[in-house]
Structure formats: structure tokens, C-alpha cells
Amino acid sequence: MGLHDEAKLDRKFMELAKLMNIYLNHFPKHEKYGLALEIRRTAYAMYGYIVEAQKRYHKKTALTNLDITHEQVRMLWRLAFELGYLGFKDGRRDERPEETAQHRYLAMSRLVDEVGRMVGGWIAATRQVQEDAS
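Below is a short write-up of the structure. All values reported here derive from a predicted model rather than from experimental measurement. (Residues numbered from 1 in each chain as written. Predicted model: local features only at pLDDT ≥ 70, side-chain atom pairs only at ≥ 80, totals over all residues. Heavy atoms only, no water.)

## Considering the pattern of salt bridges
In total, this model carries six salt bridges according to the counting rule given. With a closest N to O distance of 2.9 Å, Arg56 and Glu52 form a salt bridge. Given a relative accessible area of 44%, Arg56 falls into the partly exposed group. Among the charged side chains, a salt-bridge network with shared partners connects Lys12, Glu15 and Glu114. (Salt bridge = Lys/Arg side-chain N within 4 Å of Asp/Glu carboxyl O. Buried < 20%, exposed > 50% of the residue type's maximum accessible area, 1.4 Å probe, protein only.)

## Some details on unusual backbone geometry
Backbone geometry at Asp90 places phi at a positive 55°, although glycine is not the residue there. Of note, Asp90 is situated in the loop between β1 (88–89) and β2 (92–93). On the basis of relative accessible area, Asp90 is assigned to the partly exposed category, the value being 49%. (Helix = DSSP H or I, 4+ residues; strand = E, 2+ residues; numbered from the N terminus.)

## A few points about the environment of Arg74
Within the element layout of this structure, Arg74 appears in helix α3 (residues 60–82). Separated by 38 residues in sequence, Arg74 and Val112 place their C-alpha atoms 6.6 Å apart. Apart from the residues within four sequence positions on either side, Arg74 is in contact with Val112 and Asp113. Within the local environment of Arg74, its side chain forms a polar contact with the side chain of Glu71, the two groups lying 3.2 Å apart. (Contact = heavy atoms within 4.5 Å. Polar contact = N/O pair within 3.5 Å; in protein donor to acceptor, adjacent residues only side chain to side chain.)

Now the structure itself:
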């Protein structure tokens, strides 16, 4: 993965983080410091691993941690959807909660999937470089 591709990953994560924060701000009040906070922390940890993998010479551990935290973010979003938290607006149930939840889940899933494909490509490219060097 070249420097240009790493910049694309940064931009894609920023897009994900902005949308994530908008949606998390609408969670029910009783979950603001529960699942919403855990999703935020895990997503920010994922960004930390992106930065770490960009800076480390040996990237294997950082990329593995990045891949794991990415999957955790995916699963936490799915949990929020299954619990019905994406159907809230300003802490209260939306007028059409199922429709709102479905829209938000699909929008976030697309971004999470795009980041995952980029991470997977980075891992594959790193493996290929290691194989070529040996």
C-alpha cells in the first residue's frame, strides 16, 4: 500500500468518523455512555492502529490489530442496529424507527465495508512484499 493509498484510508476513516458521531449522538439517553461510548472508543482505537501501521517499519502486528478492531466496530454497529438504537432521533424514538434504523445501518455498513476492503488490501500488499523479499 503506497502513501497515496494510506491517505485515501485516512480520508475514508474521517468520513466514517463524522457520520458515526452524528448517528451516535441520536442514541437513546440511557446508551450514551454505554454502547455509544464503546463504539466511539473502538473506532478511535482503529484510527490509532491506522496511524501506527503507517509509521511502523514492521507492520504485521499493527495491521493485525487494525483488522481486529475493524471487525469489532462492524459487530458493535450490528449490535446497535439489532437493539434498535439506530431508530432514535435526539434520544427519542423516531417517527419511523425501522426506516431510520435501516437507512443509518446501511450507510454505516457501506463505510465500514470500504474501510475493511482498504485494510484487507493493505494486509495483502504487505504480505506480498514480505514474500517477494524472502
